[in-house]
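Close look at the chain arrangement
Read off the chains here:
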Amino acid sequence: MRFAYPIYLMILLFIPVFLWFKLKYKGNAVIKYSDLNIMQKLPPTNANLKQQIIWGLRILTITLLTLALARPQAGEKSEEISTKGVDIILCMDTSTSMRAEDFKPKNRLYVAKEVAKEFIKGRKHDRIGIVVFSAISFTQCPLTLDYGAVTDFMDKVEIGMTQTDGTAIGTAIATSTNRLKDSTAKSKVIILLTDGRNNMGEIDPQTAAKVAGTMAVKIYTIGMGVPGGAIFPIDDPIFGRRYVKLQEDLDENTLQEIATTTEGMYFRATSPEALREIYKKIDTMEKTEIKVKEYTNYIELYKYFAFPAFILLLGEIILASTILRKIP
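Residues numbered from 1 in each chain as written. Predicted model: local features only at pLDDT ≥ 70, side-chain atom pairs only at ≥ 80, totals over all residues. Heavy atoms only, no water.

Before going further, it helps to examine the pairing of strand E8 (residues 230-236). The sheet contact formed by E8 and strand E9 (residues 240-246) spans seven bridges and is antiparallel. Within E9, the residue paired with Asp 236 across the bridge is Gly 240. (Pairing = 2+ DSSP bridges. Helix = DSSP H or I, 4+ residues; strand = E, 2+ residues; numbered from the N terminus.)

Dropping the structure here:
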């Protein structure tokens, strides 16, 4: 709340001064009697109390009128956001090799999903979508500003959900680019995460990257995996779960070439912490400029002070003329 004319509040400072003078220099009416014995037999009166009530009502009336003159106002703020955000496709490898357990607490895909969800929560005013791939690719979630829906779709990403094993990086880039081709965002980005090399699909990664580049799509590539290989779980129907050594099969040269072709960057993630830092760096590089205009609509509140003041003034006049009447 604010006051449109706060200068009127200065009147309130004179009320204590007025009361001080009233109490210090109050006049006393004198009536002379020849004999006080009769007066002593009269019951005590509440004349002082009556006067205190009258003055209390008067001071309260003046206070409320002063607040009304100062024009109290309540404001409702609204914002107009003008921005062209970033359209981002999170392109996730769901091939079997993402089950490798060199990224704790579980496996590569689990950590990739958790870090991606943290990235989603940190964005504002940007549309985000999800494309998953192994030997084939498809859109798991279209571009949307509903981050809750994007997070839910990310939770449902699983290994083997494309039902065919392999790694079709070129096809994944083509699917992601197709999702961005009609975008009017100031920046169009693909974050492609994989732990392997292109060995499936009808489109090679270099060609797909060139097509993405002509559409002003920037690709950040992330190679996932600890150098030298990792342990990989195998569920044997007879002997149960056992672990084997999975040899490293990450094609860093191709991922670097994809990023360079589209003016993006290539990153190598060798731990959950490193992957988080990569997403933080991408988040910093792809910031959205937001223009915000604030508007404030004020509602007049003086009537909530003026009306009670009028009621009190009327009440004082009636009481002073009736039950609280003062006899000179």
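Resuming the write-up.
A separate point is the nonpolar core. Grouped together as the largest cluster of nonpolar side chains are 33 residues, with contacts concentrated most on Leu 90, Ile 191, Ile 222, Leu 275 and Tyr 279. Contributions of two or more residues to this core are made by strand E3 (86-93), helix H4 (108-122), strand E4 (127-133), helix H5 (147-155), strand E6 (187-194), strand E7 (217-224), strand E10 (266-269) and helix H9 (272-285). By residue number, the principal contributor to this core is H4, which donates seven residues. Each residue touching Ile 222, except ones within four places of it in the same chain, is listed here: Ile 191, Leu 192, Leu 193, Thr 194, Leu 255, Tyr 266, Phe 267, Ala 269, Leu 275, Ile 278, Tyr 279 and Ile 282. Grouped together as the second largest cluster of nonpolar side chains are 21 residues, Ala 172, Ala 209, Leu 255 and Ala 259 included. (Core = buried A, V, L, I, M, F, W, Y, C linked by side-chain atoms within 4.5 Å. Buried < 20%, exposed > 50% of the residue type's maximum accessible area, 1.4 Å probe, protein only. Contact = heavy atoms within 4.5 Å.)

Evaluation of the coordinates by the stated rule reveals three aromatic pairs. Here the basic side chain of Lys 156 rests over the ring of Phe 153, its NZ or CZ set 5.8 Å away from the ring centre. (Phe/Tyr/Trp six-rings, centres within 6.5 Å; stacked < 30°, edge-to-face > 60°. Lys NZ or Arg CZ within 6 Å of the ring centre and 35° of its normal.)

So, on to the layout of surface pockets. Space inside the second largest pocket adds up to approximately 250 Å³. For the second largest pocket, the lining is made up of 22 residues, of which Ser 97, Asp 195, Gly 196, Leu 246 and Asp 249 are closest to its centre. Of the residues assigned to the lining of the second largest pocket, the class counts are five nonpolar, ten polar and seven charged. (1 Å grid on protein atoms, 1.4 Å probe; cavity = no way out; pocket = protein on both sides within 12 Å on 5 of 7 lines; lining within 4 Å. Points joined across faces, edges and corners; volume = space filled by probe spheres on them. Nonpolar A, V, L, I, M, F, W, Y, C, P; charged D, E, K, R; others polar.)

Glancing now at the environment of Tyr 302. Position of Tyr 302 relative to the elements: it lies in the loop between strand E11 (290-300) and helix H10 (303-321). Taking the relative accessible area as the measure of exposure, Tyr 302 reaches 40% and is therefore partly exposed. If we skip the residues at most four places from it in the chain, Tyr 302 touches Ala 68 and Pro 72.

So, about the sheet that holds E3. Hydrogen bonds between backbone groups are what pair the strands of a sheet, and the pairing can be parallel or antiparallel. Taken together, the six strands give an open sheet; going across it, the order is E5-E4-E3-E6-E7-E10, and neighbouring strands pair in mixed fashion. Each having just a single partner strand, strand E5 (137-144) and E10 make up the two edges of the open sheet. Averaged over all adjacent pairs, the angle separating strand axes in this sheet is 15°, with direction ignored. Where E3 lies against E4, seven bridges are found, and the strand directions are parallel. (Axes fitted to C-alpha atoms, helices over the stretch in contact; angles between N-to-C directions.)

Here H4 spans 21 Å end to end across 15 residues, near enough to the 21 Å set by a 1.5 Å rise per residue. Residues of H4 that are buried include every one of Arg 108, Leu 109, Val 111, Ala 112, Lys 113, Val 115, Ala 116, Lys 117, Phe 119 and Ile 120, and no others. Two to three positions downstream of the cap, the backbone nitrogen of Leu 109 sits 3.3 Å from a side-chain oxygen, assigning the N-cap of H4 to Asn 107. (Expected span 1.5 Å × (residues − 1). Polar contact = N/O pair within 3.5 Å; in protein donor to acceptor, adjacent residues only side chain to side chain.)

Following both chains from N to C, one finds H4 and H9 inclined at 30°, their axes separated by 10 Å at the closest point. Considering the angle they form, H4 stands roughly parallel to H9. Two packed elements cross with a definite hand, and for H4 against H9 that hand is right-handed. The residues of H9 that touch H4, namely those facing Val 111, Ala 112, Val 115, Ala 116, Glu 118 and Phe 119, are Pro 272, Leu 275, Arg 276, Tyr 279 and Asp 283. Class assignment of the residues belonging to the contact of H4 with H9 gives a composition of eight nonpolar, no polar and three charged. (Parallel < 35°, antiparallel > 145°, perpendicular 65-115°, else oblique. Left-handed = near helix turned anticlockwise from the far one by under 90°.)

What follows covers the environment of Arg 242. Tracing the chain through its elements places Arg 242 in strand E9. Remark: the alpha-carbon pair of Arg 242 and Ile 231, spanning eleven residues in sequence, is separated by 9.8 Å. When neighbours within four sequence positions are excluded, Arg 242 is seen to be in contact with Phe 232, Pro 233, Ile 234 and Asp 236.

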